[in-house]
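Residue-level listing of the chains:
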Amino acid sequence: MSAEQLRNRIETVLGRSRARSAALTDCVDETELMAQHSPLMSPLVWDLAHIGSQEELWLVRDVGGRDPVRPDIDELYDAFKHSRSSRTSLPLLTPDEARGYVQTVRDRAWDVLDRSTFEGRPVENHGFAFGMIAQHEQQHDETMLATHQLRSGPAVLAAPAPPVSAVQVSGEAIISGGSFSMGTSLDPWALDNERPAHTVHVPTFAMDRAPITNAQFVEFIEDGGYRRRDLWTEKGWQHRVEADLSAPQFWERDSDGTWWRRSFGVRRPVRPHQPVVHVCWFEADAYARWAGKRLPTEAEWEKAARFDATTGTSRAYPWGDAQPTAAHTNLNQRHLEPADVGAYPDGASADGVHHLIGDVWEWTSSDFEAYPGFEAFPYAEYSEVFLRGDYKVLRGGSFGTDEVACRGTFRNWDHPIRRQIFSGFRLARDVEPS
Ligand code: AVJ
Ligand code: FE
């Protein structure tokens, strides 16, 4: 990529992230921007100013070497200093101040870009800092979308309905045992936890060709899945009882047994062929036990998503190395819910596994750990401090994820009890090699 192409890409991704942050914060009034919609989430106005604050710290000050814009507010927007539930009681910037602040920071970021030659050390010379800032903003845009899903009141967001099934997708693909290259050392915008590329041997296994759908999940519920202690781990059962889980979040059953789902302020009957969303790791794990299967490991998920046995190489996406389009996958908040299974035949992997990228984040059985040779970059606070914590890895991105923050190597993580994120799952199973 030439320096000019790189500059254009940076302008595109930074512009797209800011348009989305604005859309997610301009659609509600001041009171709603400053309100706590859930103790799990920050007020929307905190996310907005935090986006600016990280851009100021990581890009304008550290990489650009510029003077601070608002050194007095660093502490307010440091995610490690105040819990999400306490942020409404901080002396935060008002919505108008936050909008002005992020614009001032962005103007300086453009100036840093204008003066960048993209020469220097190997990672910086591909504009990594700009890519990281765009990914960070998009991650918060997905978090803000989750806040919108938790907010009550009439709908303020709208998007076209996602596509329906184009092909029938069911059953499993057999992924032959052998080594593959996991992670990346080459993708210049990959984050530290995706690095370095390393060879992993994965024994033969069966991978579901699609995520578990609402109809499949209803069968689990109606077979007593939430009442059967034997299907849950000890911690899972404890959480199920304490949190009184009996269906995915935002579901309700009416008196004649129909399941309804509330999505961004609109209540509709559950779509049977849509991947289930808003389940925690413990629910996914209990479902797997009920089905006589298991969650895939992170290595299995990545091999299914990237490995092309005909060439023996790992690709960026299930369909190859081409950038995602609307024909491949449901990303970019283009739709506000997962598409029906079978809606993206062009997005299938070499082995015929569908919906790996987009639609729903997929829980894996793996804890969030460092790859061999991991080096924290550029800050320990992005990944390192979360390694070896109580986190499970999620893969593949959701309808709420932007393509700049989603690829075959991308690793997300969360606590096994969390389900306000756009999380679903698919299953895997051991297979004897033939
Ligand atoms: C990678 C999605 C777990 O939202 O906590 C945002 C991303 N890091 N700001 C998160 C992140 C710093 C992170 N996740
Ligand atoms: Fe952040």
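Calculation criteria
- Residues numbered from 1 in each chain as written.
- Chains lettered and ligands numbered in written order.
- Predicted model: local features only at pLDDT ≥ 70, side-chain atom pairs only at ≥ 80, totals over all residues.
- Heavy atoms only, no water.
- Buried < 20%, exposed > 50% of the residue type's maximum accessible area, 1.4 Å probe, protein only.
- Helix = DSSP H or I, 4+ residues; strand = E, 2+ residues; numbered from the N terminus.
- Pairing = 2+ DSSP bridges.
- Expected span 1.5 Å × (residues − 1).
- Near = heavy atom within 4 Å.
- Polar contact = N/O pair within 3.5 Å; in protein donor to acceptor, adjacent residues only side chain to side chain.
- Areas by Shrake-Rupley, 256 points an atom, 1.4 Å probe, with all protein chains shown as cover.
- Axes fitted to C-alpha atoms, helices over the stretch in contact; angles between N-to-C directions.
- Donors = N, O, S within 2.8 Å, 3.2 Å for Na, K, Ca; no water.
- Tetrahedral: all angles 85-135°; square planar, octahedral: opposite > 155°, others 65-115°.

Draft legend 1. Structural context of the pairing of strand S2 (residues 178-182). Side chains Gly178, Phe180 and Met182 of S2 all project onto a buried face; the interleaved residues Ser179 and Ser181 project onto a face where none is buried. The sheet contact formed by S2 and strand S3 (residues 198-202) spans 5 bridges and is antiparallel. Among the inter-strand pairings, Ser181 is bridged to a residue of S3, identified as Thr199.

Draft legend 2. Broad picture of helix H5 (residues 128-150). Taking 1.5 Å per residue, 23 residues should reach 33 Å; H5 reaches 33 Å between its end C-alpha atoms and fits that length. Extensive coverage of H5 is indicated by the burial of 22 of its 23 residues.

Draft legend 3. The site of ligand 1, seen in detail. Taken together, His136, Gln139, His140, Tyr382, Asn412 and Trp413 make up the full set of residues near ligand 1. Taking His136, its side chain carries an N or O atom lying 3.1 Å from a nitrogen atom of ligand 1. Against a free-state accessible area of 360 Å², the protein chains account for coverage of 75% of ligand 1.

Draft legend 4. View of the sheet that holds strand S6 (residues 259-263). The 3 strands lie next to each other as S5-S6-S7, forming an open sheet whose pairing is antiparallel. Of all the strands in the sheet, just strand S5 (251-253) and strand S7 (266-269) have a single pairing partner and so form its edges. In this sheet, adjacent strand axes meet at a mean angle of 30° when their direction is disregarded.

Draft legend 5. Region of interest: the coordination of the iron ion (ligand 2). Surrounding the iron ion (ligand 2) are the protein donor atoms His50 (NE2), His136 (NE2) and His140 (NE2), at 2.1 to 2.2 Å. Bound by 4 donor atoms, the iron ion (ligand 2) shows angles of 90 to 171° at the metal and therefore irregular coordination geometry. All donor residues of the iron ion (ligand 2) come from one chain, and their arrangement in sequence is H-x85-H-x3-H. With His136 and His140 both in helix H5 and 4 residues apart, this pair spans about one turn of that helix. The same class applies to His136 and to His140, which are both buried.

Draft legend 6. Spatial organisation of unusual backbone geometry. Along the chain, Arg195 connects to Pro196 via a cis peptide bond; the corresponding omega equals -15°. When you line up the elements, Pro196 lands in the loop between S2 and S3. The omega torsion across Phe377 and Pro378 is -10°, close enough to zero to call that bond cis. Mapped onto the secondary structure, Pro378 falls in the loop between strand S10 (361-367) and strand S11 (392-395). For Phe264, which is not a glycine, the phi torsion comes out positive at approximately 50°. Mapped onto the fold, Phe264 is located in the loop between S6 and S7.

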